[in-house]
Amino acid sequence: MGSITFDHVYKYYKGEARPSVNDFHLEVADGEFLVLVGPSGCGKSTTLRMLAGLEEVSQGEIHIDGKFMNYVSPKNRDIAMVFQNYALYPNLSVYENMSLGLQLHKVAKHEIELRVNRAAKMLEISHVLSKKPGQLSGGQKQRVALGRALVREPQVFLMDEPLSNLDAKLRTQTRMEISKLHSQLKTTMVYVTHDQTEAMTMGTRIVVMKQGDIQQVAPPQQLYDEPANLFVAGFIGSPQMNFIEGAIVSIDGEYYFENKRMRLIIPERYRPYIAGATSNLRQVIMGVRPEAVHCEAWALERYPDWQVNAAIEMREQMGSDTYLYAACGEGLITCRTEALTGIRPGDSVPIVIRMDKVHFFDGESGISLTKQGEHAS
Ligand code: ADP
Ligand code: MG
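The structure reproduced in this document is the subject of the present report. Predicted model only: the values in this text are computed from it and were never measured. (Residues numbered from 1 in each chain as written. Chains lettered and ligands numbered in written order. Predicted model: local features only at pLDDT ≥ 70, side-chain atom pairs only at ≥ 80, totals over all residues. Heavy atoms only, no water.)

### Things to note about the pairing of strand E16 (residues 307-317)
Now for step 1: Bridge analysis of E16 against strand E19 (residues 348-353) gives five bridges, and the strand direction is antiparallel. Each bridged residue has a counterpart across the sheet, and for Gln 307 the counterpart in E19 is Val 352. (Pairing = 2+ DSSP bridges. Helix = DSSP H or I, 4+ residues; strand = E, 2+ residues; numbered from the N terminus.)

Here's what the structure looks like:
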């Protein structure tokens, strides 16, 4: 069915110094919801467009369902694509917009009727089938665009930032609807977004890209818990992971993370990965997520060895919780705490850095020391 293989795929655009897609190599299983995520310009759309046949592959091979696709035209690839701008025909009704592709493929009239009505029901747009796109809200338009893809009953759905034109509330709602569609249809989906929240909530597997390169491929939770490098660690998660520069030192058989402001003992379990990094010359970056930085009394009592003095500079109240920004050497450390915390800007307080939850990255390459350890063994 809808399995996909990218076999060392490259895209060189004329006049660009570096490949826009660089050695993209990945197997996508039938039924996966794969999300490509990364900042603007990292090559997501180009990758998707090569898969769709809208852009030539410069080097490497693309296979869908085991068939070599490089020279197959888009309409013969058994895919359907949804774009950010809905690209609906303004003079045609919703029904006609949804059925046009099927008519062109010479599908029988009663079959067209069946599929359009079924898709309209799934997307809850049955009541607008006779309307023109101009009479619809943005959310309805996007659902018509989804419906038009749905009726094709393709092997693979491709979506390029389909929610970008919707306001925040509709975006969340449509995000859930697309996830629901996927769990009902179980068709392979490849979904492009620059939004890490969309990636985390929708993908069964996520590909993080930067400047044409794949940074990491993993299911959402694994990406969050075990980022392969600084870039992924910083890109996935909101508020962002804190990064603190320092060195790993060994004193009397114990390991510590140390810089001018702190010396914190590192738990045993990190030992296999950090033992090679102990040198004052070797800079490391310690990463700690805002939810692993505490300022509450219970934490100070429970983790006396992991305290650092900090000056609170800013406070953001989110309703469900509050973010405190604490100065502690260079840069600010974000601490996610309870909504009603009494701590205010101007306060000097001890904070706890949960050393059992930190990440260590090589100061030069940015690669996670955990990952380096895996490669070395
Ligand atoms: P994304 O979708 O991740 O924002 P794109 O795939 O659109 O990124 O673009 C990746 C890179 O390829 C960018 O540097 C962009 O400038 C370049 N690029 C995209 N399309 C073209 C094109 N038609 N001609 C030349 N360069 C292009
Ligand atoms: Mg794009």
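Text resumes after the structure shown.
### Thoughts on the site of ligand 1
Now for step 1: Lining the immediate environment of ligand 1, one finds Tyr 13, Glu 16, Ser 20, Pro 39, Ser 40, Gly 41, Cys 42, Gly 43, Lys 44, Ser 45 and Thr 46.
Now for step 2: Within the side chain of Lys 44, a nitrogen or oxygen atom sits 2.9 Å from an oxygen atom of ligand 1.
Now for step 3: Computed on the free molecule, ligand 1 has an accessible area of 560 Å², of which 61% lies beneath the protein chains in the complex. (Near = heavy atom within 4 Å. Polar contact = N/O pair within 3.5 Å; in protein donor to acceptor, adjacent residues only side chain to side chain. Areas by Shrake-Rupley, 256 points an atom, 1.4 Å probe, with all protein chains shown as cover.)

### Structural notes on the pairing of E19
Now for step 1: The sheet contact formed by strand E15 (residues 293-294) and E19 spans two bridges and is antiparallel. When the bridges of E19 are listed, His 294 appears paired with Val 352.

### Digging into helix H5 (residues 168-185)
Now for step 1: Compared with an ideal rise of 1.5 Å per residue, which puts 18 residues at 26 Å, H5 spans 26 Å between its outermost C-alpha atoms and is within 8% of the ideal.
Now for step 2: Of all the residues in H5, the buried ones are Thr 174, Arg 175, Glu 177, Ile 178, Leu 181 and His 182.
Now for step 3: Structurally, H5 contributes buried residues whose contacts are with strand E3 (33-37), helix H3 (109-122), helix H4 (138-150), strand E7 (156-160), strand E8 (188-193) and helix H6 (196-202).
Now for step 4: Lys 186 sits one or two positions beyond H5 and adopts a positive phi of about 55°. (Expected span 1.5 Å × (residues − 1). Buried < 20%, exposed > 50% of the residue type's maximum accessible area, 1.4 Å probe, protein only. Contact = heavy atoms within 4.5 Å.)

### A short note on the pattern of salt bridges
Now for step 1: Overall, the coordinates contain 14 salt bridges when judged by the stated rule.
Now for step 2: Between Asp 65 and Lys 67 there is a salt bridge, with the nearest N and O atoms lying 3.3 Å from each other.
Now for step 3: Between Asp 321 and Arg 336 there is a salt bridge whose closest N-O contact spans 2.9 Å. In this pair, Asp 321 is assigned in strand E17 (residues 321-327) and Arg 336 in strand E18 (residues 332-338), connecting sequence segments 15 residues apart.
Now for step 4: On the accessibility criterion, Asp 321 (14% relative accessible area) is buried. (Salt bridge = Lys/Arg side-chain N within 4 Å of Asp/Glu carboxyl O.)

Keep in mind these values describe shape, not function.
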